[in-house]
Amino acid sequence: MLPVTTIPAHKHQLEEFTLGGQAMGAFHVSSTTVPFNLTGHPALSMRFGTSSDGMPIGVQLASNPYAESTILHIASLLETLSPARDQHPAL
């Protein structure tokens, strides 16, 4: 289990972020998903919390090749524990 991004959710179409006083490109924010995109290892992301300003915070689950059923099972267990499981956006 690891973070989906290096920061909580953000506004759409931002190309640059300020982290710790330094400007970072959008690639840095999503760098935790890249290894699984390149290797094809099973991975999924899910909302697991909420930031202090109400934005979703996700976790990513990753596993060995061909272990999709394990990841789905763990995700279903985490979903029952998630403090954000009953939070839905107003449409």
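Residues numbered from 1 in each chain as written. Predicted model: local features only at pLDDT ≥ 70, side-chain atom pairs only at ≥ 80, totals over all residues. Heavy atoms only, no water.

S.K.: Just to check I follow, could you spell out the overall build of the protein for this structure?
M.R.: When helices and strands are tallied, the protein shows three helices and five strands. Each helix and strand of the protein, placed in order from N terminus to C terminus, yields the pattern β-β-β-α-α-β-β-α. With respect to the three principal axes, the spread of C-alpha positions in the protein is 40 × 35 × 25 Å. Contacts in the protein between residues at least 24 apart in sequence constitute 49% of all its contacts with a sequence separation of at least 6. As displayed, the protein has an accessible area near 6600 Å², and 58% of this comes from carbon and sulfur atoms. (Helix = DSSP H or I, 4+ residues; strand = E, 2+ residues; numbered from the N terminus. Contact = heavy atoms within 4.5 Å. Areas by Shrake-Rupley, 256 points an atom, 1.4 Å probe, with all protein chains shown as cover.)

S.K.: Teacher, can you tell me more about the pairing of strand β4 (residues 43-50) here?
M.R.: Where β4 meets strand β5 (residues 56-62), seven bridges bridge the pair, whose relative direction is antiparallel. If you follow L44 over to β5, its bridge partner there is L61. Adjacent in sequence and paired antiparallel, β4 and β5 are bridged by five residues, among which G54 carries a positive phi angle near 85 degrees. (Pairing = 2+ DSSP bridges.)

S.K.: What's the story with the environment of E68 in this structure? I'm lost.
M.R.: With respect to the secondary-structure elements, E68 resides in helix α3 (residues 68-81). Taking the relative accessible area as the measure of exposure, E68 reaches 44% and is therefore partly exposed. (Buried < 20%, exposed > 50% of the residue type's maximum accessible area, 1.4 Å probe, protein only.)

S.K.: Is there a simple way to think about unusual backbone geometry in this case?
M.R.: What is expected of a backbone is that most residues other than glycine have negative phi and most peptide bonds are trans. Even without glycine at this site, Y66 takes up a positive phi of about 65 degrees. Inspection of the secondary structure assignment puts Y66 in the loop between β5 and α3. On the accessibility criterion, Y66 (77% relative accessible area) is exposed.

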